[in-house]
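# Inside the fold
Chain by chain, the residues:
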There are 2 protein chains.
Amino acid sequence: MSQSNNDKATSENVVWHSGEVGRTEREAMLGQRAGTVWFTGLSGSGKSTIAVEVERRLATAGRLCYRLDGDNLRHGLNGDLGFTESDRTENIRRTGEVCRLLVDAGVIVLASFVSPFRADRESVRDMHVAAGMPFLEVYVEVPIEVAEQRDPKGLYRKARAGEIRGFTGIDQPYESPDRPELVLPTASSSVEASAESVVELLRVQGLIGSA
Amino acid sequence: MSQSNNDKATSENVVWHSGEVGRTEREAMLGQRAGTVWFTGLSGSGKSTIAVEVERRLATAGRLCYRLDGDNLRHGLNGDLGFTESDRTENIRRTGEVCRLLVDAGVIVLASFVSPFRADRESVRDMHVAAGMPFLEVYVEVPIEVAEQRDPKGLYRKARAGEIRGFTGIDQPYESPDRPELVLPTASSSVEASAESVVELLRVQGLIGSA
């Protein structure tokens, strides 16, 4: 198993099982290297739209990938969490663990989360690094004015009206990445061009072949 | 997406994303139907041993599967949980959600958890049924005396010595399944025979082909 053994008092009578079938064997079967592509950026930056386009391209090429996003995870695993700072942190922690399980299963994960706090993203990166798993941070960059004008879910309008508190970019900060693997400026690039840049990143990093 | 839309107050500003690539497409690519095999039974019943053997057989046949168990999940996603009744319930809830995500990704999940409470197992079953996903409950049945004699982790000894509280079978009940898809009596059957029964169940249920 490639997960780190993060012992806790609550887990002291737990024995770590080594699976006989490892990630490398699953990756060989699938013909790909698994890893997480983490899209971060403001609401309305285009994270999910780009992830959907990348997913389509990878699936067409016969690659196994899976898309996680804040919106659909919050209906299940993280349905008990709200949007306070600590709930956001727990949301990202659990999501990082799920990414790691999916990657361990051999899957290329496309995770799109606002994930406004640098420390949270770094902890997800560290989790992956500790397990020897690729983690590719993609900053989906857009001026807040453009995101607010797009407002695909009407959330900026609600936040300005005071109907939503703690909205990233309005009354909570967004901390941009220091050294992301890729920056996608979506005010000036098409979805198709952005998706192609991500696929190219996966090639360069050796997750998929050049075919 | 095949997950149900389980709205909560905390999630009211969350929009459900429909992925362009669905589970059916991933299953077709992998040549299998995804689903969860849920092994339940006392500590020492043989759940994980059998799951490892099933995993080996499926991998050798080119099937993508992934093993989850209480021991390794508790080092990551569920590392914040202990063994009180409510923590056990939350442990199983999160695990059920992870199963569902892995199944949605196209994977055959082999989940081995003591999961002593019938209601918890039924809620995981319901989650799967609501999402149109196979859920196969396998009762790994063993007399407590036999499990205690095996005591592979030395936990029964600790529980008898009062060093562990709330240990299933000693001072917490184990509620056996009413209508599991399969019963494996491990006091009288070999690991190999048990594993073969599970593989046969997967064939009968259409998750894997007969090859």
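Quick summary incoming for the structure in this document.

Rules and cut-offs
- Residues numbered from 1 in each chain as written.
- Chains lettered and ligands numbered in written order.
- Predicted model: local features only at pLDDT ≥ 70, side-chain atom pairs only at ≥ 80, totals over all residues.
- Heavy atoms only, no water.
- Buried < 20%, exposed > 50% of the residue type's maximum accessible area, 1.4 Å probe, protein only.
- Helix = DSSP H or I, 4+ residues; strand = E, 2+ residues; numbered from the N terminus.
- Arc of directions from axis to C-beta.
- Contact = heavy atoms within 4.5 Å.
- Pairing = 2+ DSSP bridges.
- Axes fitted to C-alpha atoms, helices over the stretch in contact; angles between N-to-C directions.

## Looking at helix α1 (residues 23–30) of chain A
Residues three or four positions apart in an α-helix share a direction because the helix packs 3.6 residues into each turn. Regarding α1 of chain A, the residues found buried are Arg23, Arg26, Glu27 and Leu30 of chain A. Take α1 of chain A and look down its axis: the buried residues cluster within an arc of 100°, on one side only. Along α1 of chain A, exposed side chains directed more than 90 degrees from the buried face belong to Thr24 and Ala28 of chain A. Taken together, the buried residues of α1 of chain A touch α4 (85–104) of chain A together with α1 (23–30), α2 (47–60) and β2 (65–69) of chain B. Within two residues after α1 of chain A, Gly31 of chain A carries a phi angle of roughly 70°, on the positive side.

## Let's talk about the sheet that holds strand β5 (residues 182–185) of chain B
Residue and element names in this part refer to chain B. One open sheet holds the 5 strands; their spatial order is β2-β3-β1-β4-β5, and the pairing between them is parallel. Because the sheet does not close on itself, it has two edges, and the strands there are β2 and β5. With strand direction ignored, the average angle separating the axes of adjacent strands in the sheet is 20°. Bridge count for strand β1 (residues 35–40) against strand β4 (residues 135–141) is 5 bridges, and the pairing is parallel.

## What about the pairing of β2 of chain B?
Residue and element names in this part refer to chain B. With respect to burial, β2 is a largely interior element, 5 of its 5 residues being buried. Neither face of β2 is left uncovered, since the one carrying Cys65, Arg67 and Asp69 and the one carrying Tyr66 and Leu68 both have all their residues buried. Pairing of β2 with strand β3 (residues 108–112) involves 5 bridges; the strand directions are parallel. In the strand pairing of β3, Cys65 is matched with Ile108.

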